[in-house]
Amino acid sequence: EPAVNGPVPAAVAPAPDLASEPEAFDERPYDLNDQAISALEDGRFDQAVEWLEEAATARPDVPTFGANLGEAYLRRARAGEGGPAAAVEDFEAALERIDDPDRRALIEELLERHRRIRDEERDFVVEPTLHFTFRYDGSREGLSDGVDRLKVLLEDTYQEFGERFGRRPVEAGEGRIEVILYDAEGFDSVTGLGDWAGGVFDGKIRVPVEDLRSELRFARVKS
């Protein structure tokens, strides 16, 4: 589904041939472009954006720098490391730099979805555990107390699966797993699925849950 996975990143372009440049010119933007490509390949998105912004500002007449900057914004947005609000800003910035109609259509789809996520999670509390980061509306009655039980359940499950499959993603450097709890309306808005779905994983665990106080409701989430 494009709204979940998004467009496949396009290839970034190396610096243009310098043969057409005058003898007296600044090579730094070209060097920054090449360094940024390496940073993108390594997943260092903030550094790549910084270098490409400098290159594109210094040489707005070189289309390659602007196009690569758009790709850097897009990849950083898809990584989602800054949260949904930052992703929205990056998707918007990518649209200003990417001209291909098909890619623009997919980016606009992603942008709209992340706007819904941003609006839905605007006031969520964030509570990290050893292996998870929980996000939820802390003002919802019947939810906060049950989250503590859910934390224990997921931490136990993490250890169980780690022993069973011999792999622990957080220890491997992949970062905490995000668990986001919504009410039924919020879950449907973000995922497009009704709360008949027990949850969805799109890089983050998204779960619809109205109340965790009763054993029946908690058992549904657990299953």
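All figures in this text were calculated on a predicted structure; none of them were measured in a lab.

**Concerning the nonpolar core**
L40, F65, L69, Y73, L74, F91 and I107 are the most contacted members of the largest nonpolar core, which totals 31 residues. Counting residues per element, the ones that place at least two in this core are α2 (28–41), α3 (45–58), α4 (63–79), α5 (84–97) and α6 (101–120). Looking at this core, the element that brings in the most residues is α3, giving seven residues. Of all hydrophobic cores here, the second largest spans 15 residues; its members include L143, L150, L154 and V170.

**Notes on the pattern of salt bridges**
One pass over the full model with this rule turns up 19 salt bridges. The salt bridge involving R116 is made with E112; its shortest N-O contact spans 4.0 Å. With R116 and E112 both in helix α6 and four residues apart, this pair spans about one turn of that helix. By relative accessible area, which is 29% here, R116 ends up partly exposed. The salt bridge involving R164 is made with E160; its shortest N-O contact spans 2.8 Å. Linking R164 with E160, this pair stays in helix α7 (residues 144–165), spanning four residues, or about one helical turn. The exposed category is assigned to R164, whose relative accessible area is 53%. E160 gets classed as partly exposed once you look at its relative accessible area, which sits at 39%.

**As for helix α9 (residues 184–191)**
Within α9, the full set of buried residues consists of G186, F187, V190 and T191. An end-on view of α9 places all buried positions within 110° of arc, on one side of the element. The secondary structure elements touched by the buried residues of α9 are α6, β3 (177–182), β4 (200–201) and β5 (205–208). Two residues or fewer after α9 comes G192, characterised by a positive phi angle close to 80°.

**Topic: the side chain of D90**
In this structure, D90 sits in helix α5. Side-chain polar atoms of D90 contact the side chain of R76, separated by 2.7 Å. If we skip the residues at most four places from it in the chain, D90 touches Y73, R76 and A77.

**Focus on the confidence of the model for the protein chain**
Detailed reading of the predicted coordinates is not advisable wherever pLDDT falls low. On average, residues of the protein chain score 85 in pLDDT, and 84% of them are at 70 or above. Averaged over each element, pLDDT in the protein chain is lowest for helix α1 (residues 2–5) (34) and highest for α3 (96). In the model, residues 1–8 has pLDDT below 50 throughout and makes 19 contacts with residues more than four positions away in sequence or in other chains.

Thresholds applied
Residues numbered from 1 in each chain as written. Predicted model: local features only at pLDDT ≥ 70, side-chain atom pairs only at ≥ 80, totals over all residues. Heavy atoms only, no water. Core = buried A, V, L, I, M, F, W, Y, C linked by side-chain atoms within 4.5 Å. Buried < 20%, exposed > 50% of the residue type's maximum accessible area, 1.4 Å probe, protein only. Helix = DSSP H or I, 4+ residues; strand = E, 2+ residues; numbered from the N terminus. Salt bridge = Lys/Arg side-chain N within 4 Å of Asp/Glu carboxyl O. Arc of directions from axis to C-beta. Contact = heavy atoms within 4.5 Å. Polar contact = N/O pair within 3.5 Å; in protein donor to acceptor, adjacent residues only side chain to side chain. pLDDT = per-residue confidence, 0-100.

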